[in-house]
Amino acid sequence: MPPERPEFTSCALRSFGHSYRHHLPFLAFLLLLDGGMFSPSSPPTGLLEKVFQYIDLHQDEFVQTLKEWVAVESDSVQPVLRLRRELLRMMGLAAERLRLLGARVDSVDAGFQQLPDGQSLPIPPIILAELGDDPKKPTVCFYGHLDVQPARQEDGWVTDPYTLTEVDGKLYGRGTTDNKGPVLAWINAVSTFRALDEDLPVNVKFVIEGMEEAGSPALEELVQKEKAGFFSSVDYIVISDNLWISRRTPALTYGVRGNSYFMVEVKCRDQDFHSGTFGGILNEPMADLVALLGSLVDSSGRILIPGIYDHVAPVTEEEKRTYEAINLDLEEYRKSSQVKKFLFDTKEELLMHLWRYPSLSIHGIEGAFHEPGAKTVIPGRVIGKFSIRLVPHMNMSVVEKQVKQHLDYIFSKRNSSNQMTVSMTLGLHPWTANTRDNQYLAAKRAIKTVFGTEPDMIRDGSTIPIAKIFQDTIQKSVMMLPLGAVDDGEHSQNEKINRWNYIEGSKLFAAFFLEMAKLH
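Parameters and conventions
Residues numbered from 1 in each chain as written. Predicted model: local features only at pLDDT ≥ 70, side-chain atom pairs only at ≥ 80, totals over all residues. Heavy atoms only, no water. Pairing = 2+ DSSP bridges. Helix = DSSP H or I, 4+ residues; strand = E, 2+ residues; numbered from the N terminus. Axes fitted to C-alpha atoms, helices over the stretch in contact; angles between N-to-C directions. Contact = heavy atoms within 4.5 Å. Domains from an automatic or database assignment. Buried area = accessible area lost by both parts, 1.4 Å probe. Salt bridge = Lys/Arg side-chain N within 4 Å of Asp/Glu carboxyl O. Parallel < 35°, antiparallel > 145°, perpendicular 65-115°, else oblique. Left-handed = near helix turned anticlockwise from the far one by under 90°. Nonpolar A, V, L, I, M, F, W, Y, C, P; charged D, E, K, R; others polar. 1 Å grid on protein atoms, 1.4 Å probe; cavity = no way out; pocket = protein on both sides within 12 Å on 5 of 7 lines; lining within 4 Å. Points joined across faces, edges and corners; volume = space filled by probe spheres on them. Phe/Tyr/Trp six-rings, centres within 6.5 Å; stacked < 30°, edge-to-face > 60°. Buried < 20%, exposed > 50% of the residue type's maximum accessible area, 1.4 Å probe, protein only. Lys NZ or Arg CZ within 6 Å of the ring centre and 35° of its normal. Expected span 1.5 Å × (residues − 1).

1. Focus on the sheet that holds strand β6 (residues 165–167)
- Reading across from one edge, β6-β7-β20 is the order of the three strands in this open sheet, with antiparallel pairing throughout. If you trace the sheet from one side to the other, it starts and ends with β6 and β20 (496–498), each paired once. With direction set aside, neighbouring strand axes in the sheet form an average angle of 25°.
- Here strand β7 (residues 170–172) runs beside β20; their pairing, made up of three bridges, is antiparallel. The residue bridging Tyr172 from the neighbouring strand is Lys496, located in β20.

Laid out in structure tokens, this is it:
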């Protein structure tokens, strides 16, 4: 759902040419009212104090760079040559910025994307960059992406989505939170040590791509290819491509669900029918399809496919305690989601059904009449689309078999003369991490230093395939360290990242470097 429409007033809008530091006391007060700012556990000292001061003093420059990156329409979803050129420009800007930091940068040719219509489009290069090769230091690799979802102002954006606009400390623009802001926050942390002429506490590597929103078509092959090369010295991998569970409390993510995407086609013939001529004398494909889709899930959200829950791990007492500890105001979450009522009344039940139980969602019907107005047509062929979010211990091939058997059974009961085919078009595994790994401990300490609070330990109900790819291929610790708040509206209209999250997130990454060096 889109976030609330921001109120743009003459006093709220500000020019990026004015110094933000004049507004710090007032905005700090606003953040405290909102519960969005914590006091650090103790004031930073020494090098950390210098780092934090530098980031505060140069935050306008960091925001200006984000503005320049947001201005690039790096949409990877729409297969249009103009947008691919924008993606190439975006990757070029990032590569140049890393070179200015002194990084060794390799822009790896990713080839071409073949489209169903025969068109061929270039895949933007994948950036592999590295700073430092001290064998006494840990090597931390950061993954991020610089492509974005489509955005048009006429779709409900209050401002031009490719012009970064600041309102009351919120930075609105496509890609601000997903994922240009977090990528830049990591670069800001590295550049701060460089600017202070301080040695980086860790060796740093970057993997930055431009096709994540389109399924990362070339990334897995590159990771496999570079396993014994670029990735051979990597000790830890950090991904910052998701959000907190609240507006106020930082989070660490240790798991995501997988995804199996299905299509079920019901066909009578290729052409549509006139309902006056054929209505009442044949099995209508749409009626069959609606019955099939209606058999998948009940009104309480429970999946009706026999056996689907058989391999879901039982809830342990230790796991229950993790949900109890999470700082989530259910009513606030409901309001920010613009939902009248959730299916569950407690925080624990809601989180478990978001993260550790499978869910089934129906996405759409292809071939049906959906335009405005009235058209008396019987579709001759329709395709229903749905997906199942998978959790650990669920076997993807078993799930595929269960789905097909269930739909075959439901369809057979209808005695329809139509043809039905079911196919699984996408299969992505879930991912979980060991939260006792050193980098999770380092991240917890860094969060305590910067935000003055313990993080929420969360999973994510969505699917981030690269985490599982890294874990299985490189076999090193993978951690998700999000920066954005729950109301940032990734993929939606009026996407934003709070200035506070962006700047404090830059400090968080810098503090994380220092904590990793201590633990190593």
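2. Overview of the environment of Gly144
- Residue position: Gly144 is located in strand β5 (residues 139–145).
- Along the primary structure Gly144 and Asp197 are separated by 53 residues, whereas in three dimensions their C-alpha atoms are 26 Å apart.
- Excluding its chain neighbours within four sequence positions, the residues that come into contact with Gly144 are Asn179, Val183, Val207, Ile208 and Glu209.

3. Observations regarding the domain arrangement of the chain
- Partitioning the chain into domains gives domain 1 (47–257 + 430–518) and domain 2 (258–312 + 357–428).
- In this structure, domain 1 and domain 2 have C-alpha centres spaced 37 Å apart.
- Counting from both sides, the interface comprises nine residues of domain 1 and, opposite them, ten residues of domain 2.
- With both chains or domains summed, domain 1 and domain 2 bury close to 680 Å², and 63% of this area falls on carbon and sulfur atoms.
- Area buried by domain 1 at its contact with domain 2 is led by Arg257, Pro430 and Thr463, which between them contribute 75% of it.
- On the surface where domain 1 and domain 2 come into contact, there are zero salt bridges.

4. Focus on the packing of helix α3 (residues 59–70) against helix α5 (residues 176–195)
- For the pair α3 and α5, interaxial distance at closest approach is 10 Å and the crossing angle is 140°. Considering their axes alone, α3 and α5 lie oblique with respect to each other. At the point where α3 passes α5, the crossing takes the right-handed sense. Contact residues: α3 offers Phe62, Thr65, Leu66, Trp69 and Val70, while α5 offers Thr176, Lys180, Gly181, Val183, Leu184, Ile187, Asn188, Ser191 and Thr192.
- Looking at the contact of α3 with α5, its residues break down into seven nonpolar, six polar and one charged.

5. Some words on the packing of helix α8 (residues 285–294) against helix α12 (residues 396–413)
- It is at 10 Å that the axes of α8 and α12 come closest, and there the two elements cross at 135°. Relative to α12, the element α8 lies oblique. The handedness of the crossing between α8 and α12 comes out as right-handed. Packed against α8, whose contacting residues are Asp288, Ala291 and Leu292, the element α12 presents Leu407, Ile410 and Phe411 at the interface.

6. Some points on the layout of surface pockets
- There is about 600 Å³ of room inside the second largest pocket.
- If you go around the second largest pocket, you meet 24 residues; those closest to its centre are Tyr254, Glu319, Thr322, Thr435 and Arg459.
- Every element with two or more residues in the lining of the second largest pocket is listed here: α9 (317–325) and β18 (456–460).
- In terms of residue count, α9 provides more of the lining of the second largest pocket than any other element does, four residues in total.
- Considered class by class, the residues forming the lining of the second largest pocket number eleven nonpolar, six polar and seven charged.

7. Focus: the packing of aromatic side chains
- This model, assessed by the stated rule, comprises 16 aromatic pairs.
- Taking the centre distance of 6.1 Å and the plane angle of 40° together, the rings of Tyr323 and Trp355 count as tilted. Of this pair, Tyr323 sits in helix α9 while Trp355 sits in helix α11 (residues 347–355); the two residues are 32 residues apart in sequence, bridging distant segments of the chain.
- By relative accessible area, which is 1% here, Tyr323 ends up buried.
- For Trp355, a relative accessible area of 3% puts it in the buried group.
- Its end group placed over the ring of Phe278, Arg269 keeps NZ or CZ at 5.6 Å from the ring centre.
- The aromatic ring of Tyr309 is capped on one face by Arg302, whose charged end is 4.1 Å from the ring centroid.

8. Quick word on helix α15 (residues 499–519)
- Under the 1.5 Å per step criterion, the end-to-end length of α15 is 30 Å for 21 residues, consistent within 8% with the ideal 30 Å.
- Along α15, 18 of the 21 residues are buried, which leaves the element largely enclosed by surrounding structure.

9. Focus on the sheet that holds strand β15 (residues 381–390)
- Reading across from one edge, β13-β15-β11-β16 is the order of the four strands in this open sheet, with antiparallel pairing throughout. At either margin of the open sheet sits one strand with a lone partner, and together these are β13 (359–366) and β16 (419–428). Neighbouring strand axes in the sheet, compared pairwise and without regard to direction, differ in orientation by 20° on average.
- In this structure, strand β11 (residues 258–267) lies alongside β16, joined through nine bridges in antiparallel fashion. Looking at the pairing, Val266 lines up with Met420 of β16.
- Those strands touched by α12 are β11, β15 and β16, and its axis lies near 160° from that of β16.

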